[in-house]
Amino acid sequence: MSDLNETVATVQAVDISSGLASEGLSSFLAGIYSNGLLGVGIFIALLAGGVLLHRLNMDRTYRNVAATTHGGEVSPEDLREEMFTRQGSNFNAAAVAAWMLLFAAFAYFYFLTPEIFPGRNYYLVPTLSSGPVGFAAFGLFFLLLTGLAAAFIPKELYGYYELSRETKVAIMLTVPALALSIALSVQLGTIFPELDPAARGLAFLALFGSEVALLWPVYAEALGGIR
Amino acid sequence: MKRLAAFLIVTLLLLPLVVEAQGVSPSPPKSTPSSSGGSSGGASTTTSGGKKIVKLELDDLIGNLEKWKQDEPQEYEYLKKLLHIPFVPPKNYSAPTVLIWYPSEKTKITRNDNLDIYAYVKNDNPIEVRSDVYLYLEAKGPGDENFTRVGSQRVILANEYSQKSNSTIRDWSGLTPFVDSRVVGNATFRIWFNDMHSTYLTDTMYTRPYQKDDYYSILELELVNSPPEVVGESIRVEPARARYNDPIRYASRFVDADGDLVNVTLQVLDDQGRERANLTQEVKSGTNVTFSASEYGLFGEGDAGRNFSYRFTYGDGLDGNATEIYPGPSLLPSPKIFVSDSNVEAADENRYWWQNYRFSLKVKNLEVDNLRIDLYTSTPSHPNRYQDTRVINASEDAQVVLFDLRPFDVSDADESFTYYFKYSATDQNSEEMMGGTSDGKIHPKIVRYPIYSAVTIGNLLFVLLAALAGGIVIERRLYR
């Protein structure tokens, strides 16, 4: 009987501690995703970090190659040309779509409802937002706005790294993840002014998880280089 | 005294003539007591020291003189010359010095200024030679051709001079000689005086005008005027919108720096700009002027529905001005329709912005055909937004005018709203509109489509497919 009591007490203690942990994690997550400036800052910082690390990676590679040529001349342009690797049509198309969806999902998450930026949101254009094609028009606008960047980023980021199959799968899986994030943001818009913290948290994780996945090859290479 | 002296002189000098004239006097014989009793023709005769003395009655003498004047004018004139004895002033007599004393530096005066002007008189003659001096102050205002006397006469007797300086002062205080003047300009003062020997005017008796310190032989001032001014915010007509028989009052206030009375005229103009009435009041500076429409009978039933305007003209007799033309009053037309029961209901109790709302107004319209009723709504995002119009004709029965429409958009969510009906006739309250306020706010929900609706899913699919299509197109164009 005493064993049973100890077991029950142990289970209860585990439940309480795990409950407290999940509650703390939820509130921490809510603190981030409900803070618009912080979220936008993180999003941009991750992008900027990716670009910076990509340049460092390229420079380091060039220095290593130049050191092994023992006086032979290798220009950076030649090296870039030699290093470039085609990743496959399906992957490239998925990567471009993923990057376009990343920017669209970011806009849906932060600029659809007045919840985060009351002065800058889709509902301030009543003619559009009152109509039946408002959501589509909003998304299309951001797809076109970021289309150029999305077109060239995958070529630059993924053409000079060795991508494992798992990495490619992870990058391609960002498409449904970002679609989920967009759907959840639209869901939040349809129920506004009611709130759904779970949906918002999930949309946030899908958005930033996708961003990390899309930038992962650069960060991984940089981490490898440091080691 | 003069008359008596002349009589005695005439009696003594003309005695022989009088004697000759006995029996021809036109005066009736009078029975007068006489020492001898032997008189005839109004004269009595006495004997004194062997001389025969004829004593004339005054009436007889006057009667004779009148007869001579009429019948023998040449002799009569000659007689006058004989009898005239010119007055000769005493030896070493000199006329007194008379000047105007104006102990004020104010040379610009207004019509209402009280002037203190004095006569300074110096008489250096010995007291036994001095005679009485009579003085008048005379003034000539701007535009006047002659001097006129202002104030009353002043007299200085021989013993009323200072023994030390042989001078004295007479005053005319508190004079307002130009209070009725209708022009401004130069105002001149002088003193007229008579010393029993001659008459003098201070502006001409000296070889040249005298002025030293505050003493003048002729005092010249300038009569000026400040025009009255309107106190701008005081002009109003109340109420500006009223029935023709309401107590409508025009009010204004004017200030005259000189304290002049202000002549205020109200001009009422009709909607064609023609003068409807012209009313005048004279008021003190700074007081409120009020014209009551009912007191003057300005408006009648036929004026209902007309818009009037007005202005004030004002002046102080010298300067005048007019205000601009102000609108008012607008007389309310007579009621043509009766309205009541304005109401609004949402299509359902949720009161979403995308739903229809039913606005209604009960109208009893007996005489107006094509009565136009417009519906307006107001929210913070869309103030006074026109919605729709209904037109109804005259009817014996009350009519309920309905507007069933969708008046709001997403920006109106979570807001209260007001509405009003505007109609093309006057109602029983002399108004042309009636409105109301919503019972509660519009529902704050923004998006009308749920996530599972075909519209929303279609939107989502469109975005996803657009991204995928974009990815494929870009890969084909840029990555090969």
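Residues numbered from 1 in each chain as written. Chains lettered and ligands numbered in written order. Predicted model: local features only at pLDDT ≥ 70, side-chain atom pairs only at ≥ 80, totals over all residues.

A. Geometry of the overall build of chain B. Summing up its helical and strand segments, chain B has six helices and 30 strands in all. Of all 480 residues assigned to chain B, the portion counted as buried reaches 25%. (Helix = DSSP H or I, 4+ residues; strand = E, 2+ residues; numbered from the N terminus. Buried ≥ 20, exposed ≤ 12 C-beta atoms within 10 Å, placed from the backbone.)

B. Just the overall build of chain A, in detail. In terms of helices and strands, chain A carries eight helices and zero strands. Each helix and strand of chain A, ordered N terminal to C terminal, gives the series α-α-α-α-α-α-α-α. Here chain A holds 227 residues, and the buried ones make up 33% of them.

C. Seen up close, the nonpolar core. Ranked by internal contacts, the top residues of the largest apolar core, which has 82 residues, are A:A98, A:M100, A:L101, A:A104, A:A105, A:L178 and A:I182. The biggest single contributor to this core is helix 4 (residues 89-111) of chain A, with 19 residues. Two domains each provide a minimum of three residues to this core, namely domain 4 (337-437) and domain 5 (454-480) of chain B. A:A104 has contacts with A:G139, A:F142, A:L143, A:I182, B:V463 and B:A467, leaving out every residue within four places of it along the chain. Ranked by size, the runner-up nonpolar core spans 26 residues in total, among them B:A119, B:L135, B:A187 and B:L221. (Core = buried A, V, L, I, M, F, W, Y, C linked by C-beta atoms within 7 Å. Domains from an automatic or database assignment. Contact = placed C-beta atoms within 7 Å.)

D. Geometry of the interface of chain A and chain B. Each partner contributes residues to the interface: chain A has 32 residues there, and chain B has 27 residues. Taken together, the elements giving at least two residues each to the side of chain A that touches chain B come down to helix 4, helix 5 (126-129), helix 6 (134-158) and helix 7 (165-191) of chain A. Per-element accounting of the side of chain A that touches chain B gives the leading share, nine residues, to helix 4 of chain A. When the residues that make up the side of chain A that touches chain B are grouped by side-chain class, the tally is 22 nonpolar, nine polar and one charged. (Nonpolar A, V, L, I, M, F, W, Y, C, P; charged D, E, K, R; others polar.)

E. Layout of the sheet that holds strand 12 (residues 215-216) of chain B. Residues and elements named next belong to chain B. The sheet built from five strands is open, its strands ordered 8-5-3-12-11 with antiparallel pairing. The strands lining the two open edges of the sheet, one partner per strand, are strand 8 (167-175) and strand 11 (211-212). Strand direction decides the pairing type here: strand 5 (residues 115-122) and strand 8, joined by seven bridges, are antiparallel. Paired with Y118 across the bridge in strand 8 is D171. (Pairing = 2+ DSSP bridges.)

F. Representation of the pairing of strand 29 (residues 418-423) of chain B in the model. Residue and element names in this part refer to chain B. Burial along strand 29 is one-sided: the face carrying Y419, F421 and Y423 is buried and the face carrying T418, Y420 and K422 is not. Of the pairings in the sheet, the one linking strand 26 (residues 371-378) to strand 29 comprises six bridges and is antiparallel in character. Bridge pairing in strand 29 links T377 to Y419. Here strand 29 runs beside strand 30 (residues 433-437); their pairing, made up of five bridges, is antiparallel. Paired with Y419 across the strands is G436, a residue of strand 30.

G. Geometry of the packing of helix 4 of chain A against helix 6 of chain A. Residues and elements named next belong to chain A. Interhelical geometry of helix 4 versus helix 6 gives an angle of 135 degrees and a closest axis separation of 7 Å. Relative to helix 6, the element helix 4 lies oblique. Crossing hand, helix 4 versus helix 6: right-handed. Between helix 4, through N92, A95, V96, W99, M100, F103, A104, A107 and Y108, and helix 6, the contact on the second element is made entirely by G139, F142, L143, T146, G147, A150, A151, I153, P154 and Y158. Residues of the contact of helix 4 with helix 6, tallied by class, amount to 15 nonpolar, four polar and no charged. (Axes fitted to C-alpha atoms, helices over the stretch in contact; angles between N-to-C directions. Parallel < 35°, antiparallel > 145°, perpendicular 65-115°, else oblique. Left-handed = near helix turned anticlockwise from the far one by under 90°.)

H. View of unusual backbone geometry. All names here are of chain B. Residues E238 and P239 are joined by a peptide bond in cis, for which omega reads -15 degrees. With respect to the helices and strands, the residue P239 is situated in the loop between strand 15 (236-238) and strand 16 (241-242). Put simply, G328 and P329 share a cis peptide bond, and its omega is -5 degrees. Residue position: P329 is located in strand 23 (residues 326-331). Its identity as a non-glycine residue notwithstanding, M196 has a phi of 75 degrees, on the positive side. Positive phi is not limited to glycine here, since N384 has a value of about 50 degrees. Tracing the chain through its elements places N384 in the loop between strand 26 and strand 27 (385-392). For N384, a count of 11 C-beta atoms within 10 Å gives the class exposed.

I. Focus on the packing of helix 7 of chain A against helix 6 (residues 454-478) of chain B. As a packed pair, helix 7 of chain A and helix 6 of chain B sit with axes 11 Å apart at the nearest point and diverge in direction by 150 degrees. Considering how the two elements wind past one another, helix 7 of chain A and helix 6 of chain B form a crossing that is right-handed. Note on element contacts: helix 6 of chain B touches helix 7 of chain A through B:T456, B:L460, B:V463 and B:L464, opposite A:A179, A:I182, A:A183, A:V186 and A:T190. Split into classes, the residues belonging to the contact of helix 7 of chain A with helix 6 of chain B amount to seven nonpolar, two polar and no charged.

J. Here's a closer look at the environment of B:W68. Residue and element names in this part refer to chain B. In this structure, W68 sits in helix 3 (residues 58-71). Separated by 11 residues in the primary sequence, W68 and L79 place their C-alpha atoms 9.9 Å from one another. Setting aside residues up to four positions removed in sequence, W68 forms contacts with E75 and Y76.

K. Expanded view of helix 6 of chain B. Taking 1.5 Å of rise per residue, 25 residues should cover 36 Å, and helix 6 of chain B covers 35 Å from first to last C-alpha, within 8% of that figure. Listed in full, the buried residues belonging to helix 6 of chain B are B:T456, B:N459, B:L460, B:V463, B:L464, B:A466, B:A467, B:G470, B:G471, B:I474 and B:E475. Taken together, the buried residues of helix 6 of chain B touch helix 4, helix 6 and helix 7 of chain A. (Expected span 1.5 Å × (residues − 1).)

L. Focus on helix 7 of chain A. Counted at 1.5 Å a residue, the expected span for helix 7 of chain A with its 27 residues is 39 Å, and the 39 Å between its end C-alpha atoms agrees. Where helix 7 of chain A bends most, the angle comes to about 30 degrees, and this point is A:V175, followed within four residues by the proline A:P176. (Bend = angle between axes of the 7 residues up to and from the residue.)

M. Here's a closer look at the pairing of strand 13 (residues 219-223) of chain B. All names here are of chain B. Covered by surrounding structure in strand 13 are L219, L221 and L223 only, the residues E220 and E222 on the alternate face being uncovered. Bridging between strand 9 (residues 185-194) and strand 13 involves five bridges; their strand directions are antiparallel. By the bridge assignment, F189 is partnered in strand 13 with L219.

N. Structural view of the sheet that holds strand 30 of chain B. Residues and elements named next belong to chain B. Taken in spatial order, the four strands line up as 27-26-29-30 in an open sheet, and their pairing is antiparallel. A strand with exactly one partner marks an edge of an open sheet, and here the two such strands are strand 27 and strand 30. Across this sheet, the average inter-strand angle for adjacent strands is 15 degrees, counted without regard to direction.

O. Representation of the environment of B:D319 in the model. Note on placement: B:D319 falls in the loop between strand 21 (307-315) and strand 22 (320-322). In this structure, B:D319 is in contact with B:N225 and B:P227, ignoring residues within four places of it in sequence.

P. Fine view of the confidence of the model for chain B. Residues and elements named next belong to chain B. Across chain B, the average pLDDT comes to 85, with 89% of residues at 70 or higher. Per-element averaging of pLDDT across chain B places helix 2 (residues 15-20) at the bottom with 42 and strand 6 (residues 133-140) at the top with 96. Every residue in residues 1-5 is under pLDDT 50, and counting partners more than four places away or in other chains gives zero contacts. In the predicted complex, the global pTM is 0.50; the interface-specific ipTM is 0.83. (pLDDT = per-residue confidence, 0-100.)

Q. Quick look at the confidence of the model for chain A. Residue and element names in this part refer to chain A. In this model, chain A carries a mean pLDDT of 82, and residues with pLDDT of at least 70 account for 88%. At the level of individual helices and strands, chain A shows its lowest average pLDDT in helix 1 (residues 2-33), which scores 61, and its highest in helix 7, which scores 92. Counted against residues more than four places away or in other chains, residues 1-5, with its pLDDT under 50, gives zero contacts.

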